[in-house]
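Overview (structure and organization)
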Amino acid sequence: MTWINSIPTAAQTYVENNRLDEVECVIADLPGIARGKAVPASKWEKQGHFHLPNSIFFQTITGDWGEAAGPDGFLEPDMVLKPDLSTATAAPWAEDGTLQVIHDAFDQKGRPVPFAPRNVLRRVVDLYKAEGWTPVVAPEMEFYLVARNIDPAKAIEPMMGRTGRPAAGRQAYSMSAVDDYGPVIDDIYEFAEIQGFEIDGIAQEGGAGQLEINLRHGNPVKLADEVFYFKRLIREAALKHDCFATFMAKPIEGEPGSAMHVHHSVLDEKGRNIFTGPQGGETDAFFHFIGGLQEHMPSVIAVIAPYVNSYRRYVRDHAAPINLEWGRDNRTTGIRIPVSPPEARRVENRLAGMDCNPYLCIAASLACGYLGLKNEIRPDKRWRGDAYESEDEIPQGLYAALDLFDEATDIHAVLGPDFARVYSIVKRAEYNEFLQVISPWEREHLLLNV
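This report concerns the structure included in the present document. (Residues numbered from 1 in each chain as written. Predicted model: local features only at pLDDT ≥ 70, side-chain atom pairs only at ≥ 80, totals over all residues. Heavy atoms only, no water.)

Along the chain, the regular secondary structure elements total twelve helices and 14 strands. At 22 Å, the chain has a C-alpha radius of gyration in line with the 22 Å of a compact globule built from 450 residues. Projected onto its principal axes, the C-alpha positions of the chain cover 60 × 55 × 50 Å. Here the chain holds 450 residues, and 57% of them are scored as buried. In the chain, once contacts between residues fewer than 6 apart in sequence are set aside, the share between residues at least 24 apart is 72%. (Helix = DSSP H or I, 4+ residues; strand = E, 2+ residues; numbered from the N terminus. Rg over C-alpha atoms; globule rule 2.2 N^0.38 Å. Buried < 20%, exposed > 50% of the residue type's maximum accessible area, 1.4 Å probe, protein only. Contact = heavy atoms within 4.5 Å.)

Right under this line is the structure:
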């Protein structure tokens, strides 16, 4: 196994302690679903790549298709998927020894597929590198543990805790609330340790059964890989205990939504934070990054809030920002500057929902900051006080958000024009699918009253 020395230490340890039976070759599609193939380990050792049709990036969340294939038509040509061995990690919930390996997508001429989400993020990171900058991010993941729900017509309910009562809401940061579903959290910790992931902390959030996991800061592609893996890890831990983990932006009526806050900083070629000057003060680059978020975030809301449900999270006075204001240590603003020492100065984007594709979300957020740095965009005046008193600055729904995205040629140039084309087509197809579904609200209020 000549490849064994090229995989992370945690994966090496897993292989040494388990008979390796299978390797899951995976890649994230536009929604962030893991697509790929499971290959016997003996075969995987002999293969340098495998193939999947490029149409996996034209699928909607329902499994239907957007007409995004381009002028050649829907031919479904094979992509060449090559393993990134640095992403190898265990699948500790599997009965037999199993590794997961994220693959990168290329066309048959060896060019990166421009609408593969990991390639989109890498493209943005490379633009930073061309300027001598290294972006650093730290995501925060919010999610709900809920009762099993196999009937889409039934409302989602909180999971049952060890007390025999449903998990309680309005108990933010309660240690007792965390203890109530301790067995699930124990398995999350255990799976993460086996997979080699470092959790910075787990806390109870404001919703019933809502948790937050903070990840250590680092390379954007690596952190997006971890969020991609963590979603599966958390789902598997929940299933072991007869409940579901959901990353819907707004799963339970009347409860807060789930966000993926992203903290950003940028280093220069000497590893110094460009947001901080020699005397510890805030630099022009710091303000330009904020200005870029304020200027361009409306254009990428369709990427960081990708579903009709995403917009139910943006509720005034309900734990999610509805504005593009920036403030210091102010959780009512869409852009928050956390308390930190000068060397760790960072900008927190609080707008994204946890239903986002982590690669695309981080790429979109960094793209806004990049344009702010390049174009030296000055932000609005710092907001003081409750930013829920400011104007709504978030599109009111996915269709409006897609219109803004389609007009944003500056953003397209950063994320990639072909990605922007495919993304818009697929999301509009998805929205049209949604419009064909008649909701319980319509049946209740319109059936006999109109």
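This part covers a nonpolar patch on the surface. Together, W441, L446 and V450 make up a nonpolar patch on the protein surface, roughly 360 Å² of accessible area in all. Secondary-structure assignment places W441 in helix α12 (residues 440-446). Take W441: its relative accessible area is 54%, and that puts it in the exposed class. (Patch = residues over 30% accessible without salt bridge, like charges linked within 9 Å, V, L, I, M, F, W, Y side chains within 5 Å. Areas by Shrake-Rupley, 256 points an atom, 1.4 Å probe, with all protein chains shown as cover. Salt bridge = Lys/Arg side-chain N within 4 Å of Asp/Glu carboxyl O.)

For the rest of this paragraph, the subject is the side chain of E140. Within the secondary structure, E140 is located in strand β7 (residues 134-147). Put simply, E140 is tucked away with no salt bridge, and the nearest opposite charge, on R350, sits 5.3 Å away. A polar contact of 2.8 Å, which involves the side chain of E140, links it to the side chain of H263. When neighbours within four sequence positions are excluded, E140 is seen to be in contact with E212, I213, N214, A259, M260, H261, H263, E348 and M354. (Lys, Arg positive; Asp, Glu negative; His and termini not counted. Polar contact = N/O pair within 3.5 Å; in protein donor to acceptor, adjacent residues only side chain to side chain.)

Inspection of the entire model under this criterion finds 26 salt bridges. Among the ionic pairs, R216 bridges to E198, the shortest N-O distance being 3.8 Å. Taken together, the residues span a long stretch of sequence, with R216 in the loop between β9 (210-215) and α6 (220-239) and E198 in the loop between α5 (182-195) and β8 (199-204) at a distance of 18 residues. Where D403 meets R428, a salt bridge forms, and the shortest distance between an N and an O atom there is 2.9 Å. Highlighted residues: D403 in helix α9 (residues 398-407) and R428 in helix α11 (residues 417-435), separated in sequence by 25 residues. With relative accessibility at 34%, the residue D403 sits in the partly exposed group. Relative accessible area serves as the criterion here: at 17%, R428 is assigned to the buried category. Taken together, the shared-partner salt bridges connect D84, D104, R118, R122 and D225 into one network.

Now for the pairing of strand β4 (residues 78-83). For a regular strand, side-chain orientation follows a simple rule: the groups alternate between the two sheet faces. Here strand β3 (residues 50-53) runs beside β4; their pairing, made up of four bridges, is antiparallel. Considered in β4, the bridge of F50 is made with L81. The sheet contact formed by β4 and strand β6 (residues 97-106) spans four bridges and is antiparallel. The partner of L81 across the bridge, within β6, is A105. (Pairing = 2+ DSSP bridges.)

Turning our eyes to something else, we now look at the environment of V137. Looking at where V137 falls in the secondary structure, it is placed in strand β7. Here V137 falls in the buried class, since its relative accessible area comes to 1%. Taking the C-alpha atoms as reference points, V137 and P114, 23 residues apart in sequence, are found 22 Å from one another. Not counting the four nearest positions on each side in its chain, V137 is found in contact with R216, H217, G218, P220, L223, V262, H263, H264, I362 and L366.

Residue position: L435 is located in helix α11. Here L435 falls in the partly exposed class, since its relative accessible area comes to 45%. Note: C-alpha distance between L435 and I4 (431 residues apart in sequence) is 49 Å.

A few words on the nonpolar core. Counting 130 residues, the largest nonpolar core has I188 and I234 as the members making the most contacts within it. Not counting residues within four places of it along the chain, the set of residues in contact with I188 comprises F143, I199, I202, I213, L233, I234 and A237. (Core = buried A, V, L, I, M, F, W, Y, C linked by side-chain atoms within 4.5 Å.)

Closest axis-to-axis distance for the α6/helix α8 (residues 358-375) pair is 8 Å, and the angle between their directions is 145 degrees. In this structure, α6 crosses over α8, and the sense of that crossing is right-handed. Listed contacts from α8 to P220, V221, A224, D225, V227 and F228 of α6 are P358, Y359, I362 and L366. Split by residue class, the contact of α6 with α8 holds nine nonpolar, no polar and one charged. (Axes fitted to C-alpha atoms, helices over the stretch in contact; angles between N-to-C directions. Left-handed = near helix turned anticlockwise from the far one by under 90°. Nonpolar A, V, L, I, M, F, W, Y, C, P; charged D, E, K, R; others polar.)

Across the interface, α9 lies against α11 with an axial gap of 11 Å and an inter-helix angle of 165 degrees. Regarding the angle of α9 to α11, the classification is roughly antiparallel. When the axes of α9 and α11 are compared, the crossing they make is left-handed. Residues L398, Y399, L402, D403, F405 and D406 of α9 pack against F419, A420, Y423, S424, K427, R428 and Y431 of α11. Classifying every residue of the contact of α9 with α11 gives eight nonpolar, one polar and four charged. (Parallel < 35°, antiparallel > 145°, perpendicular 65-115°, else oblique.)

Take α9 next. Spacing of three or four residues puts side chains on the same side of an α-helix, whose turn is 3.6 residues. Among all positions of α9, only L398, A401, L402 and F405 are buried. Down the axis of α9, the buried set is contained in an arc of 100 degrees. They therefore lie on one face. Tucked into the core, α9 has its buried residues touching α7 (284-304), α10 (409-415) and α11. (Arc of directions from axis to C-beta.)

Another aspect to go through is the packing of aromatic side chains. Across all of its chains, the model carries 23 aromatic pairs by this definition. Ring geometry for F57 versus F115: centroids 5.9 Å apart, planes at 65 degrees, classification edge-to-face. Of this pair, F57 sits in the loop between β3 and β4 while F115 is found in the loop between β6 and α3 (117-130), placing the two residues 58 residues apart along the sequence. Members of the aromatic cluster, each reached through a chain of ring pairs, are F57, F58, W65, F74 and F115. Directly above the aromatic system of F106 lies the positively charged group of K82, at a separation of 5.0 Å from the ring centroid. Across from the ring centre of Y399, 4.8 Å away, lies the NZ or CZ of R428, which sits over that ring. (Phe/Tyr/Trp six-rings, centres within 6.5 Å; stacked < 30°, edge-to-face > 60°. Lys NZ or Arg CZ within 6 Å of the ring centre and 35° of its normal.)

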